[in-house]
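Observations on chain architecture
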Amino acid sequence: MMKSITCKGKHAELCRAIADGRRDEAMQLIYAFFRSEENTDSYSVSLLTVIRELLEDGDSDEMYRMRIRMRSNGDRVLINLAQFVWAFETGGLEDAAETLAGKCLSELPKLCRSMNDFAQEEGLSAATEMAGRRIREAVRILRMYFESVDNDDAVDTCDEVNLDMTRVFLFTHENMMSEDLMIAAKCADRRGNSLIRDRLCREIMREYGSVIEKIQSSAEFNREWYETLEGVKYACEILDESEPDHPYSTQLKAIEHILRVGS
């Protein structure tokens, strides 16, 4: 069973109805949206057609036609689909959840490529940052689903592609980058690939290891620094074992002191 999440957005009520097993109410909400004045965006008709077909038939022709790309509101489509995966699974519609989650998983690498193309052509902005945050949250929900059904390969794909996508739209956020590098390094470790694991850990230390000194030299609490520190701590622990000629004991002692004082 997946953990509970807080559904957000214009289709949150529909997600909750499906999660609660209120199928008839869910169908009413779908048809009401089709008739409503809120039905003005370019993706909801296709999105809710997928959900209607899954509720009625357990499969969806529209889903196979759907493409999740940045120029087609890919961030909003993915976060909605991820929430519907949660709703189906929570509501006991496991087959529909599996079908929809599989579609999302197959689209992630293509979404990542379209994010790169979009960033190169249009540049980055507050809008792309929000898009990145939606995508990152969607992948978190999808990962939680795949973990709940013991699909380890899908979990690994989520971890790897998530890092690639964070690099595109959220690379200025040290806490997110450090965390997602750590998650990808743990993924490589699960797969027995110590070369990739250590390379990612070295990147964490090179790019974000200075957070230790930042915290030590500041009298103010900074939440993002402490979130960044988690990835740095993991990287130090891994590299201290895998690179005995370059011990990280000094950094580890400093981190332990910071966490002890801050607790």
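Here, the structure is the one placed above.
Residues numbered from 1 in each chain as written. Predicted model: local features only at pLDDT ≥ 70, side-chain atom pairs only at ≥ 80, totals over all residues. Heavy atoms only, no water.

A short note on the nonpolar core
Judged by nonpolar contacts, the single largest core of 64 residues is most densely connected at Phe84, Phe88 and Leu100. Contributions of two or more residues to this core are made by helix 1 (12–19), helix 2 (23–35), helix 3 (44–57), helix 5 (74–90), helix 6 (94–122), helix 7 (126–148) and helix 8 (152–169). Among the elements that line this core, the one with the most residues is helix 6, at twelve residues. Residues within four places of Phe84 in sequence aside, it is in contact with His11, Leu14, Cys15, Ile18, Leu47, Leu48, Ile51 and Leu100. Of all hydrophobic cores here, the second largest spans 26 residues; its members include Leu163, Cys201, Tyr208 and Val211. (Core = buried A, V, L, I, M, F, W, Y, C linked by side-chain atoms within 4.5 Å. Buried < 20%, exposed > 50% of the residue type's maximum accessible area, 1.4 Å probe, protein only. Helix = DSSP H or I, 4+ residues; strand = E, 2+ residues; numbered from the N terminus. Contact = heavy atoms within 4.5 Å.)

Some points on the environment of Glu129
Structurally, Glu129 can be placed in helix 7. Distance from Glu129 to Met205, taken between C-alpha atoms, is 24 Å for residues 76 residues apart in sequence. Setting aside its immediate chain neighbours within four residues, Glu129 contacts Phe169, Leu170 and His173.

Here we look at the packing of aromatic side chains
Geometry of an aromatic ring pair is reported as the spacing of the ring centres plus the angle between the planes. On inspection of all chains with the given rule, the structure shows three aromatic pairs. When the ring of Tyr145 is compared with that of Phe146, the centres are 5.2 Å apart and the planes differ by 65°; the resulting orientation is edge-to-face. Comparing Tyr145 with Phe146 shows no difference in burial state: the two are buried. Considering the side-chain rings of Phe221 and Tyr226, the 5.0 Å spacing of their centres and the 25° angle between planes classify their relative orientation as stacked. Judged by relative accessible area, which is 27%, Tyr226 ranks as partly exposed. A cation over a ring is seen here: Lys186 above Tyr234, with NZ or CZ 5.4 Å from the ring centre. (Phe/Tyr/Trp six-rings, centres within 6.5 Å; stacked < 30°, edge-to-face > 60°. Lys NZ or Arg CZ within 6 Å of the ring centre and 35° of its normal.)

These results come straight from atomic positions and should not be treated as a statement about function.
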